[in-house]
Amino acid sequence: MAFEGVPGLVETREAFGETTLVVDAARIVEACAYLRDEHGFDMLVDLAATDYLGWGAPGVSGYIGTAAGRNLNRPMTQGLQALPAPKPKRFALNYHLLAIRQGARRLRITVWLDDAEPIASVVSVWPAADWFEREAWDLMGIPIDGHPNLQRLIMDEDWEGHPLRKDYPLGGEPVRFSGQE
Amino acid sequence: MAVAAQSGRADPIYAGTRIPSPIPTQLDVDPAVRGTDDILTVNFGPNHPSTHGVLRLVVDLDGEIVVGIAAKVGYVHTGFEKNMEQKSWWKAITYAPRIDYLAYQANELVFVLAIEKLLGLEVPPKATWMRMLLAELNRIHSHLVWLGTAALELGAISMFWYTFREREMVLDLSELVAGYRMHTRYFQTGGLAEDIPAGFYPECRKFVEWMPKAIADYDGLLQKNEIWGERTRGLGLLNRADAIALGQTGPVLRASGVDWDLRRDDPYLFYDRVRFRVPVLPHGDTYDRYRVRIEEMRASVEIVEQCLDRLERMVGEPWIADDRKVVLPPREELHTSMESLIHHFKIVTEGYRVPEGEVYVAVESPRGELGCYVVSDGGTRPWRVKFRAPSFAALEATATTVQGAYIADLIAIVGSLDTVMGEVDR
């Protein structure tokens, strides 16, 4: 399948039998509308944001010798044997598309975003994007431009922070002890 | 289908689109009547017994008619995806079935398939057939719970007792094979956690013989029930184009006339080697969603039967891949082989490494397309896990389906979308 005509196409990748199009964030709505109308991807099945903060940062560790010498696995490292390929920006927003017709073609569009860099809403292309984009904003803090109703979806309205970010603490809420003001 | 034709409902369902604009998932009250005293805003849930969990609907009523609706979710958010990032791949499997607690096998399956796709691991045929069998038993289980509660909500309490009788049989089979009634964690990376116990096949045969009779009983109780028909036919409409635009999958999509089933159209496991029917109905209402689920249970029984035919001939075959870097060595080897002991220790403590990459795997869960997007950095823990929950998308259709409905029908309509809040909120 040729995707040369996709507006804002940066790169096409094939891995694990899946096709990924990396698209310029500024032209995402155009690209989505094009893929829907010209390639028949009529359903947005998923929108998954990923935070790559600290990607590869724990360094290489494990029982296998590394350039820096033999590095025993430190607790809470990812136990990497090789450093993963670096990512261009902190956040990736992955649109998973599906064509409801013979062959069940699937496609992933990836958009790279910095922290607080907004991305245009695709609700006008697929109405299903509404909640998925709210979820991406709520849990990952990706600002969606032009979303008709960008409120928190999963967390409370007055919640602070975006829990699925890598720098969000796991430990839960601070505990108040008796005798403490 | 003959039954649908008799009812004399118009086709197509409605012309154009009923997705509200500008907010597709929210029905706003007409500004002309907004300020008048006629509009009553009612909080429905979050702890209403018919919401199948904790779903809150803010409903605007004009008399008894729903003129505005907004769904609020997040009451059972437990941070599954965040937690799974902190666990080794091996331990994270335990979390998956708890996300959609009625379709636990489907959740377990999709996560295990995602890991195996990254690892490039071959699964023995016996394990694949057993996975299919359990996934289909689980579909029956999930639809039974839906059917029982949906009928209960409309006052037909006896359905609940019958469906839960059969559900109990499925849970007993789960217990027999995995030791747990729900959330079995029986699917292991590479195959199954244990061999299939010998007593399973005859028990499962008994169930397969019994189940079609039970489904006929359900039909006898509901099919000609005037109240059930009146309260489901022509209600909760969703046409073909709107269903696709709103990302609907599974029974909701098939009841809107879209002939689409991942098991047939995008086969995984061995679904391309079994024969089964995909029920599709054209009216896009609550009634058709109910019919689709009933017919799906029949199809599932057929698939279970075909899996059993194969499995019974596979006694003694391996049930898990022989890859010592990923799969635990056989217990008895630990006493004699140093290498096995090391492998065992490494897998249990540190976990196995999964190659760097990202995959999206989708299966047909009882509620529709259940997807799992997984990112690995090459380490022993997932970098990111995201579940594409069919219920999440289903709830986006509430604003379209309940337009102009009576408040009393709201329960039946939202119920017919068959949402499980565990997977909506994750």
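The structure contained in this document is the topic of the report that follows.

Cut-offs applied
- Residues numbered from 1 in each chain as written.
- Chains lettered and ligands numbered in written order.
- Predicted model: local features only at pLDDT ≥ 70, side-chain atom pairs only at ≥ 80, totals over all residues.
- Heavy atoms only, no water.
- Core = buried A, V, L, I, M, F, W, Y, C linked by side-chain atoms within 4.5 Å.
- Buried < 20%, exposed > 50% of the residue type's maximum accessible area, 1.4 Å probe, protein only.
- Helix = DSSP H or I, 4+ residues; strand = E, 2+ residues; numbered from the N terminus.
- Contact = heavy atoms within 4.5 Å.
- Pairing = 2+ DSSP bridges.
- Axes fitted to C-alpha atoms, helices over the stretch in contact; angles between N-to-C directions.
- Patch = residues over 30% accessible without salt bridge, like charges linked within 9 Å, V, L, I, M, F, W, Y side chains within 5 Å.
- Areas by Shrake-Rupley, 256 points an atom, 1.4 Å probe, with all protein chains shown as cover.
- Salt bridge = Lys/Arg side-chain N within 4 Å of Asp/Glu carboxyl O.
- Lys, Arg positive; Asp, Glu negative; His and termini not counted.
- Charge placed at Lys NZ, Arg CZ, Asp CG, Glu CD.

**So, the nonpolar core**
It is characteristic of soluble globular proteins that their nonpolar side chains tend to be buried jointly.
Working step 1: Counting residues in each nonpolar core, the largest one holds 122 residues, and the members touching the most others are Phe111(B), Leu133(B), Leu137(B), Phe200(B), Met211(B), Tyr218(B) and Phe387(B).
Working step 2: Ranked by residue count, the leading element in this core is helix α6 (residues 125-153) of chain B, at 14 residues.
Working step 3: Residues within four places of Phe200(B) in sequence aside, it is in contact with Met130(B), Leu133(B), Leu137(B), Leu173(B), Leu176(B) and Val177(B).
Working step 4: Of all hydrophobic cores here, the second largest spans 62 residues; its members include Trp126(A), Ile154(A), Leu235(B) and Val402(B).

**Focus on the sheet that holds strand β7 (residues 368-376) of chain B**
All names here are of chain B.
Working step 1: Strand order in the open sheet formed by three strands is β6-β7-β8, with antiparallel pairing between adjacent strands. The open sheet is flanked by β6 (357-365) and β8 (384-388), the only strands paired with a single partner. Between one strand axis and the next, the sheet turns by 15° as a mean value, whatever way the strands run.
Working step 2: In the sheet, β6 pairs with β7 via nine bridges, with the strands oriented antiparallel. Within β7, the residue paired with Val 359 across the bridge is Val 374.

**Describing the pairing of β6(B)**
Residue and element names in this part refer to chain B.
Working step 1: Taking burial as the measure, the nine residues of β6 include nine buried ones, the bulk of the element.
Working step 2: Of the two faces of β6, the one carrying Gly 357, Val 359, Val 361, Val 363 and Ser 365 and the one carrying Glu 358, Tyr 360, Ala 362 and Glu 364 are both buried.
Working step 3: Between the antiparallel neighbours β6 and β7 lie two residues.

**A word on a negative patch on the surface**
Working step 1: Judged by side-chain charge, Asp156(A), Glu157(A), Asp158(A) and Glu160(A) come together as a negatively charged surface patch.
Working step 2: Note that Glu157(A) resides in the segment after β7 (144-145).

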